[in-house]
Amino acid sequence: MANTVSWRPKASEIPTDPGVYRWRDEAGRVLYVGKAKNLRARLSNYFAPLPTLHERTRRMVLTARSVEWTTVGSEIEALQLEYTWIKEFDPPFNVKFRDDKSYPYMAITLGEESPRVMVTRNRKIKGAKYFGPYPKIWAVHDTIDLMIKVFPIRTCSDSSYKRAMQTGKPCFPGQIGKCGGPCSQKVTIAEHRAIVEQFVRFMASYDRRVITELKQRMAASADAMQYEQAARYRDQVGALEAVLEKSAVVLRDSVDLDLFGVAEDELAAAVQLFSVRGGRIRGVRGWVVDKELDISTGDLVEQIVQGQYATSEEPPREVVVPELPEDAEALEQWLSERRGGRGTKLSTAQRGDRAGLARTAAQNAAQALMLYKTKRSADYTTRSAALADIQEALGMTEAPLRMECYDISHLQGTNVVASMVVFEDGLPRKDQYRRYTIAETTDDTDSMYQVLSRRLARLDEDASVPDVPDATSDDVVEGTKPTKRFAYRPQLLIVDGGQPQVQAAKRAMDEAGVHDIALVGIAKRLEELWLPDDDFPVIMPRNSEALFLIQRIRDEAHRFAITHQRTRRKRDVRSQLSEVPGLGPTRVNALLKHFGSVSRLREATAEQIAEVNGVGPATAAAVVTKLAQTPASALTASAASAASAASPASPASPSSAAEPSSPTSTPTSTPTGPVQVPTVSEDGPQRPA
């Protein structure tokens, strides 16, 4: 393989100015659009030796046949031109936004003679003032119904308004008290305009002084024995209070900001936008982003912010993001220009209420990402197509109707466990999941070899054999009903990891004499598939349902392994402490909750332990003696998890088998985007020659 592409431009030909570049393929189609402070430095990264590039970046470079650039005067101009070209050319390697629905807004048509309040999904009404977005359409209708009790403005359609104004008869909504415009024949156009301005001011600020003034009028009317008028004021106060209650107070009254929460994996990212106005959450919006190239969270945030404010409403005074992009100053300047030069601050939430709101947004994004994955895997036609694509990509003779995936999990080399999850017809079979405990091992590859050897020893077990306890696993099934052992042989075995794990699994299969089952490994982050004895991975298109299905199986195996490991750690630390005379489950929990972790408990003196409610001096001394006799390594591995069972402290995050060779690698819970290798065509995955 050549070190780089033959058509690479000379470095001296590429300017060092800020600018925007476009990659084109043989047919002239734009593949990717990017910007740079220094074009020469940025493009030189793409023309690095091909083996050093991420696989998907390498695929883009090898697919391209030319690169062209345009210099601009500043970073802000580069930002604007990049977004314009992305919208114009829709490059396949740029981030793609998938907004699965348009959100409803409350709109006040200020550009009309008699403005009306309405529910709409159209953000392009000339002269309209928008409030929202709202998560559900009924939420907008409820808010409008409450507001027009206090600020009776027009709600009828344009045709009803024109007919009423021409005939002099009230419009139908006006006859039943649902429209307060001039068409109701109760107010003039000028009087109606003043009420509309009050409506807009309250919705924009949620100023409680309006409620205070209404309460004063109510009291005055009651003192004057005008009880019907006082009752109307009372109802108006209740309506405004209800509007305020629908918008949760999260920050100070003077705070206006948009807060973005992002949850991402190797293939996609879910975004949640919380719009806070006057310290209250005024709107929530979510969408999904498909990732093609390997981009950092900062770059992803930049593209999300650009996409949000390029064509919609102007930015607020502050935009809060999970991570600042590299050129945050240029993005901040661009936001300020979008706001008419009034200035917009780009920041991250570090502490306090904003950090709490950021966590809430991130949790919502994580749930949205999970729901997005679930929806993708629920369709039968999609699953069938995914299985057929897997068969083609891996060169199998039949579709993998039954797939088994294996994952190794440990914490700093201790408490090593493994999981086996089963998918049939693209759906999980939880009654056939298995958990394995590995007593002695040298590294992840040895663990994988042991697990596959134990599984393959039972490969041909007859389905009619009664279910009996499995000596190779403990607490073997996740379901509650007794099940048969293994119904039939799998067509595909998947291991979590790269070439080392695949070779370990292949060795177990060779020793068991199994040659009719396909084997593949999926490497984390890059999401590349490794086959035995292949020098290059199989790369599937990023939007492929087949890759999505394999990723889902891998993630399920990872979840199942970690759940088993944490359960064992909790059980281990309690069993060790329960050996102390006088310590039962309640006192063990009290000790762990008081000290927070086993390591802190080991450091405590007998006097400090005796301060725990229910633990006397003799028991405290026995605990100190017991902990001194137990090696620290036997306890520290389970410290964080055990403490989490007794208190809200966060558990230590265990490792899971990963590529390529480190025995204790940390899982990428929020990985950045993946990459591709050279030999993938637009028609689908291909294996290297």
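Just so it is clear, the model here is predicted, and its values are computed rather than measured.

(A) Here's a closer look at the overall build of the chain. Counting its secondary structure elements, the chain contains 22 helices and 20 strands. Residues counted as buried form 50% of the 689 residues belonging to the chain. A separation threshold of at least 6 residues defines the contact pool for the chain, and within that pool the share at least 24 residues apart is 68%. About 31,500 Å² of surface is accessible on the chain, with carbon and sulfur atoms providing 50% of the total.

(B) Region of the structure containing the pairing of strand 2 (residues 30-36). Where burial is concerned, most of strand 2 is hidden: seven out of the seven residues are buried. Where strand 1 (residues 19-24) lies against strand 2, six bridges are found, and the strand directions are antiparallel. Residue pairing for strand 2: arginine 22 is matched across the bridge by valine 33. Here strand 1 folds back onto strand 2, and the loop between the two strands holds five residues, one of which, glycine 28, carries a positive phi near 90 degrees.

(C) Structural detail: helix 11 (residues 328-338). Burial in helix 11 covers these residues: Ala328, Ala330, Leu331, Trp334, Leu335 and Ser336. For helix 11, the secondary structure elements touched by its buried residues are helix 3 (75-89), helix 10 (297-309), strand 11 (318-320) and strand 12 (345-347). Taken from the residues just after helix 11, glycine 340 is the one with a positive phi, measuring 80 degrees.

(D) Seen up close, the sheet that holds strand 6 (residues 117-120). What the three strands build is an open sheet, ordered 6-5-7; its pairing is antiparallel. In this open sheet, the two strands that pair with only one neighbour each are strand 6 and strand 7 (128-131). Each adjacent strand pair in this sheet contributes to an overall mean axis angle of 30 degrees, direction not counted. Two strands pair when backbone bridges link them, and strand 5 (residues 105-109) and strand 7 are joined in this way by four bridges, in the antiparallel orientation. When the sheet's bridge partners are listed, alanine 107 is paired in strand 7 with tyrosine 130. Its contacts with the sheet put helix 4 (residues 137-150) on strand 5 and strand 6, and the angle it makes with strand 6 is roughly 175 degrees.

(E) Up close: the sheet that holds strand 2. Taken in spatial order, the three strands of this open sheet run 2-1-3, and their pairing is antiparallel. The open sheet has two edge strands, strand 2 and strand 3 (66-71), and neither has a second partner. Ignoring which end each strand starts from, the neighbouring axes of this sheet average 20 degrees apart. Sheet strands touched by helix 1 (residues 39-46): strand 1, strand 2 and strand 3. Its angle to strand 1, the strand with the most contacts, is close to 30 degrees.

(F) Representation of the confidence of the model for the chain. With 78% of its residues at a pLDDT of at least 70, the chain reaches an overall mean of 76. Ranking the elements of the chain by mean pLDDT puts helix 22 (residues 639-646) last with 37 and strand 17 (residues 492-496) first with 91. Below a pLDDT of 50 lies the segment residues 462-484, which in the model reaches 40 contacts outside its immediate sequence neighbourhood of four places, other chains included. Low pLDDT, under 50, characterises residues 632-689; the predicted model gives this stretch 182 contacts beyond four residues in sequence or across chains.

(G) Up close: the environment of glutamine 198. Within the secondary structure, glutamine 198 sits in helix 7 (residues 189-205). According to the relative accessible area criterion, glutamine 198 is partly exposed, its value standing at 36%.

Criteria and thresholds
- Residues numbered from 1 in each chain as written.
- Predicted model: local features only at pLDDT ≥ 70, side-chain atom pairs only at ≥ 80, totals over all residues.
- Heavy atoms only, no water.
- Helix = DSSP H or I, 4+ residues; strand = E, 2+ residues; numbered from the N terminus.
- Buried < 20%, exposed > 50% of the residue type's maximum accessible area, 1.4 Å probe, protein only.
- Contact = heavy atoms within 4.5 Å.
- Areas by Shrake-Rupley, 256 points an atom, 1.4 Å probe, with all protein chains shown as cover.
- Pairing = 2+ DSSP bridges.
- Axes fitted to C-alpha atoms, helices over the stretch in contact; angles between N-to-C directions.
- pLDDT = per-residue confidence, 0-100.

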